[in-house]
Amino acid sequence: MEFTPRRILDNALDAVGNTPLIRLDKIAAEEGLKCNLLGKLEFVSAGGSVKDRIAKAMVLAAEKEGKLIPGKSVVIEPTSGNTGIGLAMACAIKGYSVVITMPKKMSLEKEALLRALGAQVIRTPDEEPWDSPRSHIGVACKLQREIEHGIILDQYRNENNPLAHEYTTGPEIIASVVSTPSTSSRPSSMKVDAFVAGAGTGGTITGVSRALKKTHNADCTVVGVDPIGSILAVPDNLNSSGEGSPYVVEGIGYDFIPDVLSRDVADVNHWVKTADEDAFKAVQALMRKEGLLVGGSSGSALSGALTWLKSDQGRRVAETEGLNVVVLLPDGIRNYMSKEWFLKNAFHTEHSDLATRIAGILAQEEIVPIQQASLL
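What you see is a predicted model; the values in this text were computed from it and never measured.

1. Details of the overall build of the chain
Okay, so step 1: Looking only at helices and strands, the chain features 12 helices and 10 strands.
Okay, so step 2: What you see for the chain is a C-alpha radius of gyration of 22 Å, in line with the 21 Å of a compact globule of 376 residues.
Okay, so step 3: Within the chain, the fraction of its 376 residues that count as buried is 51%.
Okay, so step 4: Element-wise, carbon and sulfur atoms account for 53% of the exposed surface of the chain, whose accessible area totals about 18,200 Å².
Okay, so step 5: Averaging the locations of the 39 positively and 46 negatively charged side chains of the chain gives two centres separated by 3 Å.

See the structure below:
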């Protein structure tokens with residue numbers, strides 16, 4: 001078996017990014033799509049999510065600019081969890097103390113991982129608006145004012161957030177598509193024709209869009225996915241139904257517009273709103289049909305992509321053989337295995353003929369001869 005050897009890496013930061021693009025052929029076939037449906041699999045990054053990229057970029061830039069002082073600086077960050085994990089990993093390697101503020105709704109697994117990496121974690125009420133002093137952002141700002149050498153790298157406003165994706169995520173997607181030849185059995189336009197991603201801070205979709213449109217395909221369609229209850233989608237009337245209502249999916253959507261999110265139609269051409277239920281059904285499909293152990297926001301992205309592909313704007317792409325639609329899958333299931341939605345997906349399975357057969361076999365167990373028991 002041939003393989004390409006990889007050099008020994010200096011540390012875990014060198015294992016951030018360079019994630020694979022994977023065909024989602026079974027889901028595409030089930031949905032009747034003629035286009036190529038491709039997933040950008042971010043949970044294989046060193047810290048487990050797409051947010052590793054911005055954590056690395058923000059820390060390295062702050063060091064270069066002299067904003068981080070070795071042995072003194074305390075990195076403080078409000079986060080849904082994944083950026084915090086990326087920062088805690090980077091700071092463990094670099095030797096900085098870390099304080100993470102995070103809403104209570106975020107998973108226990110995220111808190112456990114943060115603490116395992118040496119971070120201090122403060123939980124804040126879910127119901128507090130972003131500008132409340134009791135929100136995760138408000139508490140982080142208070143701590144930054146009171147802790148000597150405290151610094152907030154600020155993923156919501158830090159230009160290195162979208163730049164990380166413009167310089168790494170986008171080029172990786174382009175390279176994967178253009179280096180995969182078009183064949184009779186797997187035709188390809190050799191371009192990224194559409195890109196779909198959820199929006200949290202908005203850095204991912206903004207940065208990737210700029211990479212795709214500036215250097216690769218100016219006509220690439222970029223679709224943003226926003227959960228019902230959030231206000232990021234454009235036009236604003238898309239957000240009127242369910243505005244402010246709680247949603248379970250983590251890591252996407254906000255009650256304010258982050259500075260790093262471009263709402264310019266030139267960058268994000270269309271927006272789709274998604275519901276928790278549809279997101280979690282899509283997660284189950286990704287697991288059981290494609291074998292991908294992804295998190296809830298990946299389900300939102302896939303659900304949004306399928307919704308758009310069935311819309312008036314997306315139908316032409318869906319029905320054209322060889323066009324490439326890339327869906328960003330931000331993280332893995334590792335961070336959500338105690339959540340009710342995942343346990344329901346995992347343990348409340350539908351009836352199957354195999355399950356009935358197994359039950360029938362085991363019901364006869366009491367009459368199976370002892371000498372044959374080892375064969376079961």
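Anyway, onward from the coordinates.
2. Overview of the pattern of salt bridges
Okay, so step 1: All chains considered together, the criterion is met by 20 salt bridges.
Okay, so step 2: With a closest N to O distance of 2.8 Å, R53 and E42 form a salt bridge. Taken together, the residues R53 in helix α2 (residues 51–64) and E42 in the loop between β2 (36–41) and α2 connect sequence positions 11 residues apart.
Okay, so step 3: On the accessibility criterion, E42 (0% relative accessible area) is buried.

3. A few points about the packing of aromatic side chains
For any pair of aromatic rings, geometry is given as the distance between the ring centres together with the angle between the planes.
Okay, so step 1: The tally for this structure, following the rule as stated, stands at seven aromatic pairs.
Okay, so step 2: Where Y156 meets Y254, the ring centres are 5.4 Å apart and the plane angle is 85°; that geometry is what we call edge-to-face. Separated by 98 residues along the polypeptide, Y156 in the loop between β6 (150–152) and α6 (160–178) and Y254 in the loop between β8 (221–227) and β9 (270–274) bring together distant segments of the chain.
Okay, so step 3: Grouped by ring-pair contacts, the aromatic residues W130, Y156, Y254 and F256 constitute a single cluster.

4. Concerning the sheet that holds strand β3 (residues 74–78)
Okay, so step 1: Strands sit in the order β5-β4-β3-β6 across an open sheet of four strands; the sheet is parallel. Two strands lie at the open edges of the sheet, namely β5 (120–124) and β6, each paired on one side alone. For this sheet, the mean angle separating the axes of adjacent strands, direction not counted, is 20°.
Okay, so step 2: By the bridge criterion, five bridges tie strand β4 (residues 97–103) to β5 in an arrangement that is parallel. The partner of I100 across the bridge, within β5, is V121.
Okay, so step 3: The sheet contacts of helix α3 (residues 82–94) involve β3 and β4, and relative to β4 the element is tilted by about 170°.
Okay, so step 4: The strands touched by helix α5 (residues 136–146) within the sheet are β3, β4, β5 and β6, with β4 carrying the most contacts at an inclination of about 155°.

5. As for the sheet that holds strand β1 (residues 21–23)
Okay, so step 1: Taken together, the six strands give an open sheet; going across it, the order is β1-β2-β10-β7-β8-β9, and neighbouring strands pair in mixed fashion. Whereas interior strands pair on both sides, the edge strands pair on one side only; in this sheet they are β1 and β9. Neighbour-to-neighbour, the strand axes of the sheet open up by a mean angle of 25°, direction not taken into account.
Okay, so step 2: Alignment of strand β7 (residues 194–198) against β8, held across five bridges, turns out to be parallel. Directly across from A194, in β8, lies its bridge partner T221.

6. Some thoughts on the packing of α6 against helix α7 (residues 203–215)
When two helices pack together, their arrangement is captured by the angle between the axes and the distance separating the axes.
Okay, so step 1: Across the interface, α6 lies against α7 with an axial gap of 7 Å and an inter-helix angle of 55°. One finds that α6 runs oblique with respect to α7. With respect to the hand of their crossing, α6 and α7 are arranged in right-handed fashion. Of the residues in α7, those in contact with N161, P162, H165, E166, T169, G170, P171, I173 and I174 of α6 are G203, T204, T206, G207, V208, R210, A211, L212, K214 and T215.

7. Quick look at the side chain of T206
Okay, so step 1: Tracing the chain through its elements places T206 in helix α7.
Okay, so step 2: T206 gets classed as buried once you look at its relative accessible area, which sits at 0%.
Okay, so step 3: In this structure T206 touches P162, V260, L261 and S262, once residues within four positions along its chain are discounted.

8. Considering helix α9 (residues 296–309)
Okay, so step 1: Taking 1.5 Å of rise per residue, 14 residues should cover 20 Å, and α9 covers 20 Å from first to last C-alpha, within 8% of that figure.
Okay, so step 2: Here α9 lies mainly inside the structure; 13 of its 14 residues are buried.

The rules we used
- Residues numbered from 1 in each chain as written.
- Predicted model: local features only at pLDDT ≥ 70, side-chain atom pairs only at ≥ 80, totals over all residues.
- Heavy atoms only, no water.
- Helix = DSSP H or I, 4+ residues; strand = E, 2+ residues; numbered from the N terminus.
- Rg over C-alpha atoms; globule rule 2.2 N^0.38 Å.
- Buried < 20%, exposed > 50% of the residue type's maximum accessible area, 1.4 Å probe, protein only.
- Areas by Shrake-Rupley, 256 points an atom, 1.4 Å probe, with all protein chains shown as cover.
- Lys, Arg positive; Asp, Glu negative; His and termini not counted.
- Charge placed at Lys NZ, Arg CZ, Asp CG, Glu CD.
- Salt bridge = Lys/Arg side-chain N within 4 Å of Asp/Glu carboxyl O.
- Phe/Tyr/Trp six-rings, centres within 6.5 Å; stacked < 30°, edge-to-face > 60°.
- Pairing = 2+ DSSP bridges.
- Axes fitted to C-alpha atoms, helices over the stretch in contact; angles between N-to-C directions.
- Contact = heavy atoms within 4.5 Å.
- Parallel < 35°, antiparallel > 145°, perpendicular 65-115°, else oblique.
- Left-handed = near helix turned anticlockwise from the far one by under 90°.
- Expected span 1.5 Å × (residues − 1).

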